[in-house]
Amino acid sequence: MSLLEVRALEVHYGGIRAVKGIDLDVEPGELVCLIGANGAGKSSMLRAICGLVHGVRGSVRYAGEEISGLAVHERPRRGLVMVPEGRGIFPQLTVAENLAIGAYARRDPDVRDDLERTYRLFARLAERRTQTGGTLSGGEQQMLAIGRALMSRPRLLLLDEPSMGLAPLMVAKILATVREIARQGVTILLVEQNAKLALEIASRGYVMESGAITLAADAASLLADPRVREAYLGEGAA
Amino acid sequence: MDIFLQQVINGLTLGAVYAVVALGYTMVYGIIQLINFAHGEVVMIGAMVALTVINALAKSGLSPVTVVLAGTGCAIPVCMLVGYAMERLAYRPLRRAPRLAPLITAIGVSIILQHLALLVWSRNVLAFPQIVDLRVFHVAGARISNVQLAIIVVCVAMMAGLAVLVYRTRLGAAMRATAQNPQVAGLMGIDIDRVIAATFAIGAALAAVAGVMVGTYYGVAQYTMGSILGLKAFSAAVLGGIGNVPGAMLGGVLMGVVEALGAGYIGSFTDLCRYGWLARLIGERCADGGHFVLFGSNYQDVFAFAVLILVLVLRPSGLLGERVGERA
Ligand SMILES: Nc1ncnc2c1ncn2[C@@H]1O[C@H](COP(=O)(O)OP(=O)(O)OP(=O)(O)O)[C@@H](O)[C@H]1O
Ligand SMILES: [Mg+2]
């Protein structure tokens, strides 16, 4: 059984159909990536999965349960967590408080251990734990956003363009961390503009164009696919 | 008698109450960017409920403190219910509407509450029974009463309690997170509807206690008492920086002191007989230590709004506020 099963998903903004009937699956333990140009509807799809947009049609099943009718805050309690586009850290809360909010949906005693583990994963955050989120650099904010999501002990992590606006070195570092998180057993759906790096760490991938999935295959064949190479890897014929 | 010190003491008393009411405005604004114009009416309802209970128990033989506590104990849940109900029924359905809609609704809620109070408690000025015997202490040439002391102590305790709640508890963290980014707060598992409802209820509880204090301090209550008090507390919140919790506390206290000092000195400053050439012009009214006062202490309400206007002109973000300008 798939952990996430999206069927015929549509997102409407007023009269605009931004997502036009998408099918997508994520199996437990997978790192799946979704690539596509600006405005393809990637964020709209993630936001629909999380219950953030109205005007959604179709079905979203998570761990066997239809979740499209649930309130937004019910998802993290079930282990489905998104790191939104633009990070969405709380600028006036300290690093430690941001991370504590990540564990908001939990009430078990292991939160402290997870906090230490998060600080080990992102040593920069440990140094800055009393600093407010808004004073962090872009890369540090992305670490904080991912660390905060990890604090909820996700089963399925949705990442919306974690490399956005970061320098190449930091992009590589963030994506390496994503792979590490996947290795530790968290299932991940990664949305990325940086198609090459994303496909290199993913096992499978989807390509989205103007609201529809146009290609779906394992990551290696997508990397080799001439259409992908031309459109997303900046290669091939002019 | 030292007028300055006396007015500072009176101002601190009043300011402490303003601060407590201002917190209600600022917390709600911080979390949903709504100026809840009906908040002053919650203070009024607190005073009215307490007055009813205190009147009923005045001759029961219970100690005055017990009676006042009983009045407060009834006012708090009633006001929390009112605060919760207005959020639930009036503001929540408009959460995604343009900002003007909830703002106008708030004015409507305020009018509705006033007129409900009019129906229940009549249009008369109602007197709080004098059950607490006033004791006055003399400090450095000024007087401070046991009621003033109690008001200051209770307000400081409530502000400290609120600060602990906002900055040290799980609910407080959820409130601050929701204020900064409600969507992401929801993504992190925070039920923002509950957090917003809790914010209204907490603000209303503070307002209830403020209502009891204002009622016992002035000895009267009327269904209209909430509007001017609410406006002053709102001005205090703007002075401190709307949305900012420490700012509301600071703004409230400053507002009280400014108002008391203003009321204390406006009479002598606008006594035209003080100014030689004007005194000569006026002539006999100024003879033998006479006065020609333009504005008496009944103009005290002017100061709060003069401060509001000055703040809006000179420093719209308030003393401790950071966010400037209008959010769309
Ligand atoms: N709130 C909204 N109201 C109206 N239209 C919207 C809204 N959000 C997104 N859209 C439109 O929906 C389409 C898809 O947007 P979306 O943000 O999902 O794209 P994306 O694939 O995430 O793009 P990017 O890579 O730039 O983040 C775009 O045409 C966008 O203009
Ligand atoms: Mg996007």
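See the structure shown above.
Thresholds applied
- Residues numbered from 1 in each chain as written.
- Chains lettered and ligands numbered in written order.
- Predicted model: local features only at pLDDT ≥ 70, side-chain atom pairs only at ≥ 80, totals over all residues.
- Heavy atoms only, no water.
- Near = heavy atom within 4 Å.
- Polar contact = N/O pair within 3.5 Å; in protein donor to acceptor, adjacent residues only side chain to side chain.
- Areas by Shrake-Rupley, 256 points an atom, 1.4 Å probe, with all protein chains shown as cover.
- Helix = DSSP H or I, 4+ residues; strand = E, 2+ residues; numbered from the N terminus.
- Nonpolar A, V, L, I, M, F, W, Y, C, P; charged D, E, K, R; others polar.
- Salt bridge = Lys/Arg side-chain N within 4 Å of Asp/Glu carboxyl O.
- Buried < 20%, exposed > 50% of the residue type's maximum accessible area, 1.4 Å probe, protein only.
- Contact = heavy atoms within 4.5 Å.
- Buried area = accessible area lost by both parts, 1.4 Å probe.

Draft legend 1. Fine view of the site of ligand 1. All names here are of chain A. Ligand 1 sits among 13 residues. The nearest are Lys42, Ser43, Ser44, Glu85 and Gln193. Interatomic distance of 3.2 Å between a backbone N/O atom of Ala40 and an oxygen atom of ligand 1. Ser44 is positioned such that a nitrogen or oxygen atom in its side chain is 2.5 Å from an oxygen atom of ligand 1. About the coverage of ligand 1: the protein hides 60% of its 640 Å² of free accessible area. It is helix H1 (residues 42–49) that contributes the most residues to the shell around ligand 1, three residues altogether. Per-class residue counts for the shell around ligand 1 are four nonpolar, six polar and three charged.

Draft legend 2. Structural context of the pattern of salt bridges. Using the criterion set out here, one finds 23 salt bridges over all chains in the structure. Arg57(A) serves as the salt-bridge partner of Glu10(A), at 3.8 Å between the closest nitrogen and oxygen. Placement of Glu10(A) in strand E1 (residues 4–13) and of Arg57(A) in strand E4 (residues 56–62) is noted, with a sequence separation of 47 residues between them. We classify Arg57(A) as exposed; its relative accessible area is 51%. Here Glu87(B) and Arg95(B) are joined by a salt bridge, their closest N and O atoms 2.8 Å apart. Judged by its relative accessible area of 29%, Arg95(B) falls in the partly exposed class.

Draft legend 3. Examining the interface of chain A and chain B more closely. If you look at the interface, chain A gives 24 residues, while chain B gives 19 residues. Sorting the residues of chain A by area buried against chain B places His73(A), Phe90(A) and Tyr104(A) first, and these three jointly supply 31% of that buried surface. Between chain A and chain B we count one salt bridge in total. Arg176(B) is the partner of Glu97(A) in a salt bridge, and the nearest nitrogen-oxygen pair spans 2.9 Å. Remark: the boundary between chain A and chain B carries seven residue pairs in polar contact (both at pLDDT 80 or more). Counting residues per element, the ones that place at least two in the side of chain A that touches chain B are helix H2 (74–77), strand E6 (80–83) and helix H3 (95–102) of chain A. No other element matches H3(A), which puts three residues into the side of chain A that touches chain B.

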